[in-house]
There are 2 protein chains.
Amino acid sequence: MIRLSDHLDELVHEFSKLPGIGRKTAQRLAYFILKQPEASVTQLAESLINVKNKVHQCTVCGNITDDEICRICVSEKRNKLLICVVEEPTDVLAIEKTNDFSGVYHVLGGAISPLDGVTPEQLNILSLLDRIGALDSVEVILAMNPDVEGEATTLYLTRLLKSFPHVSISRIARGIPIGGDLEYSDEATLSRAMEGRVRI
Amino acid sequence: MIRLSDHLDELVHEFSKLPGIGRKTAQRLAYFILKQPEASVTQLAESLINVKNKVHQCTVCGNITDDEICRICVSEKRNKLLICVVEEPTDVLAIEKTNDFSGVYHVLGGAISPLDGVTPEQLNILSLLDRIGALDSVEVILAMNPDVEGEATTLYLTRLLKSFPHVSISRIARGIPIGGDLEYSDEATLSRAMEGRVRI
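Sequence order sets the numbering: in each chain, residues are counted from 1 along the sequence as written. Each chain gets a letter, beginning with A, and each ligand a number, beginning with 1, in the order they are written. It should be noted that, the model being predicted, local features are given only for residues of pLDDT at least 70 and side-chain atom pairs only at 80 or more, the latter also being counted only at that level, while totals for whole chains, interfaces and linings use all residues. Only heavy atoms go into the side-chain values, all of them from the structure, while hydrogens and water stay out.

1. Examining the overall build of chain A
Here's step 1: Helix and strand content of chain A: eight helices and six strands.
Here's step 2: Taken over C-alpha atoms, the radius of gyration is set against a globule rule of 2.2 Å times the number of residues to the power 0.38. Whereas a compact globule of 200 residues would reach a radius of gyration of roughly 16 Å, chain A reaches 22 Å, over 25% beyond that.
Here's step 3: Dimensions of chain A along its principal axes, counting C-alpha atoms only, are 65 × 45 × 35 Å.
Here's step 4: Buried residues in chain A amount to 40% of all 200 residues.
Here's step 5: Should any heavy atoms of two residues lie within 4.5 Å, those residues are counted as being in contact. Of the contacts made within chain A by residues no fewer than 6 positions apart, 46% connect residues no fewer than 24 positions apart.
Here's step 6: Here the accessible surface of atoms and residues is derived via Shrake-Rupley with a 1.4 Å probe, and residues count as covered only by protein chains that are part of the display. Within the structure as shown, chain A displays about 11,400 Å² of accessible surface, and the carbon and sulfur contribution to it stands at 54%.
Here's step 7: The centroid of the 21 positive side-chain charges in chain A is displaced by 2 Å from the centroid of its 28 negative side-chain charges. Strands are runs of DSSP state E lasting at least 2 residues, helices are runs of H or I lasting at least 4, and numbering of each runs from the N terminus. Each residue is placed in one exposure class: buried if its accessible area under a 1.4 Å probe, protein chains only, is under 20% of its type's maximum, exposed if it is over 50%, and partly exposed if it falls in between. We count Lys and Arg on the positive side and Asp and Glu on the negative side, and we leave His and both chain ends out. Working definition for charges: the position is that of NZ of Lys, CZ of Arg, CG of Asp or CD of Glu.

2. Here's the deal with empty space enclosed by the protein
Residues and elements named next belong to chain B.
Here's step 1: Here a cavity means grid points, on a 1 Å grid over the protein atoms only, where a 1.4 Å probe fits yet cannot get out; a pocket means an open set of points with protein on both sides within 12 Å along at least five of seven lines; lining residues are those with an atom within 4 Å of a point. Grid points are joined across faces, edges and corners, and a volume is the space filled by probe spheres set on the points. Tallied over the entire structure, the rule returns one cavity of 30 Å³ or more.
Here's step 2: What the largest cavity holds in volume is close to 50 Å³.
Here's step 3: What lines the largest cavity is simply Leu 142, Met 144, Pro 146, Glu 151, Thr 154, Arg 171, Ile 172 and Arg 174.
Here's step 4: Gly is placed with the polar residues, together with every amino acid not listed as nonpolar (Ala, Val, Leu, Ile, Met, Phe, Trp, Tyr, Cys and Pro) or charged (Asp, Glu, Lys and Arg). Considered class by class, the residues forming the lining of the largest cavity number four nonpolar, one polar and three charged.

3. Remarks on the environment of Thr 154 of chain A
Residue and element names in this part refer to chain A.
Here's step 1: Within the secondary structure, Thr 154 is located in helix α7 (residues 148-162).
Here's step 2: Of the residues examined, Thr 154 reaches a relative accessible area of 5% and is grouped as buried.
Here's step 3: A sequence separation of 16 residues divides Thr 154 from Ser 170, and the C-alpha atoms of the two residues are 9.9 Å apart.
Here's step 4: Filtering out sequence-adjacent residues up to four positions away, Thr 154 remains in contact with Leu 142, Met 144 and Arg 171.

4. A look at the relation of the copies chain B and chain A
Here's step 1: Superposition of the copies was done by least squares, using only C-alpha atoms of residues whose pLDDT is at least 70 in both. Between chain B and chain A, which share one sequence, the superposing operator has a rotation angle of 180° and an axial displacement of 0.0 Å; the RMSD is 0.1 Å. Put plainly, the chains are arranged around a two-fold axis. Closest approach to the rotation axis among the C-alpha atoms of chain B is made by Ala 45 of chain B, whose C-alpha sits 2.2 Å away.
Here's step 2: A share of 100% of interface residues in chain B that are also interface residues in chain A marks the association as one of identical surfaces.

5. A word on the nonpolar core
Here's step 1: One finds Phe 15 of chain A together with Phe 15 of chain B to be the most contacted residues of the largest nonpolar core, which totals 106 residues.
Here's step 2: Each residue touching Phe 15 of chain A, except ones within four places of it in the same chain, is listed here: Ile 21, Ala 26, Leu 29, Ala 30 and Ile 33 of chain A together with Leu 44 and Leu 48 of chain B. The definition of a nonpolar core used throughout is a set of buried Ala, Val, Leu, Ile, Met, Phe, Trp, Tyr and Cys residues joined through side-chain atoms within 4.5 Å.

6. Examining the sheet that holds strand β6 (residues 167-171) of chain B
Residues and elements named next belong to chain B.
Here's step 1: When DSSP finds at least two bridges between two strands, those strands are taken to pair. Read across the sheet, four strands follow the order β4-β3-β5-β6 without closing on themselves; strand pairing throughout is parallel. The open sheet has two edge strands, β4 (103-107) and β6, and neither has a second partner. On average, each strand axis in the sheet is tilted by 25° relative to the strand beside it, whichever way the strands run.
Here's step 2: Pairing of strand β5 (residues 138-142) with β6 involves five bridges; the strand directions are parallel. Within β6, the residue paired with Leu 142 across the bridge is Arg 171.
Here's step 3: As a rule, the C-alpha atoms of each element are fitted with a line to give its axis, helices using only the stretch in contact, and angles between N-to-C directions run from 0 to 180 degrees. Most of the contacts of helix α5 (residues 89-97) go to β4, to which it runs at about 160°, and overall it touches β3 (79-86) and β4.

7. What to know about the packing of helix α1 (residues 6-15) of chain A against helix α3 (residues 38-54) of chain B
Here's step 1: Orientation of α1 of chain A relative to α3 of chain B, taken along the N-to-C sense of each, is 145°, at an axis distance of 9 Å. Along this stretch, α1 of chain A crosses α3 of chain B, giving a crossing that reads as left-handed. Contacts between α1 of chain A and α3 of chain B involve His 7, Leu 8, Glu 10, Leu 11, Glu 14 and Phe 15 of chain A on the former and, on the latter, Ser 40, Gln 43, Leu 44, Ser 47, Leu 48, Asn 50, Val 51 and Lys 54 of chain B.
Here's step 2: Tallied by class, residues from the contact of α1 of chain A with α3 of chain B come to six nonpolar, five polar and three charged. A crossing counts as left-handed when the near helix is turned anticlockwise from the far one by less than a right angle, and as right-handed when that turn is clockwise.

8. Concerning the packing of aromatic side chains
All names here are of chain A.
Here's step 1: Aromatic rings from Phe, Tyr and Trp, with only the six-membered ring used for Trp, were paired whenever their centres fell within 6.5 Å, and each pair was classed as stacked if the ring planes differed by under 30 degrees, edge-to-face if by over 60, and tilted otherwise. One pass over the structure, following the stated rule, counts two aromatic pairs over all chains.
Here's step 2: Summarising the aromatic geometry, the rings of Phe 101 and Tyr 105 are spaced 5.2 Å apart at their centres and angled 55° between planes, so their arrangement reads as tilted.
Here's step 3: Phe 101 sits in the buried class, given a relative accessible area of 15%.
Here's step 4: Overall, Tyr 105 belongs to the buried group, its relative accessible area being 1%.

9. Concerning the domain arrangement of chain A
Reports of interface size often rely on the accessible area that becomes lost once the parts have come together.
Here's step 1: Domain parsing of chain A yields domain 1 (6-54) and domain 2 (57-199).
Here's step 2: A separation of 34 Å is found between the C-alpha centroids of domain 1 of chain A and domain 2 of chain A. The domain boundaries here were taken from an automatic or database domain assignment.

This is how it looks when you write it as structure tokens:
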């Protein structure tokens, strides 16, 4: 096939590296860019660079922030003695959406996964221990994803945290999702739901 | 909802301006960018700028090119007396994929659409007339999309080109697509297919 423009092909190639963007979509996006005014393309390009250069990890909790300490850790309304441990900043967003949690977070930056080469040392676990060590009494909620990596991380953290007598540990419930259907739930979810039954 | 990072939100906003990218996908892309090494993000940003700054319209046919004249117009293997008129550069790619067309193209840059404010003056029509005027005898194939705008453009061009006695005009066939099904074809397609029947 004839190649019309190397620069355009290059952009198609770059776009198709993004997750969920196939070659066809990448091509559509590249032609869209070609038709946009220069100012909006520059804006997108600058925005990309800004995200890499100006977004950091919060020095307290490992969440993303433009400042040194993130907006949640800085807030005086948040209960600093209730720490919810999550894998990614997007998990923080998901929990924040519920408007139900008044504590603070600790973002690990992933989950333990030997297959992907993610060891506990690469996660923000040491900073979690430091943080907890500096507090008198604290409740830690483990909110990893209920998959193999998440379970491994939960197990690992539970063992570590058990050595702190002033820490009470819990994990978020696994069970049938609201609006879900017993009949169509998988066995694993259903046995977790039975196991985690709550007295009424 | 709490905003974790203005820069990240800005990038989500920029991504969601792209066609077919909703807010959720934009967010996934932005977090992906956050995790990429700086070099690859810079590469994407530069590639965006390059496409705007270094990709031009071919001065002969209006197709996109990194040079003054596009690779198809420059090629000596192409029949310069057979011009296929299309709306967009992507249409050129589609026809090139068939490996069946040995002529050259003329890219209008869109189709006449009063509702979207696209008038014939905004399309590469004058350059088409100049080009045809400079040739002795030429065959023009109109290959607009078979939608309202495309039909309007075909009609408009046909009227213009009829005034050149040395031009033979044709349009690509409309009918049942290969692998298609009479039963499930819409009425418009089916009546075009009947109308455009070919003696065997």
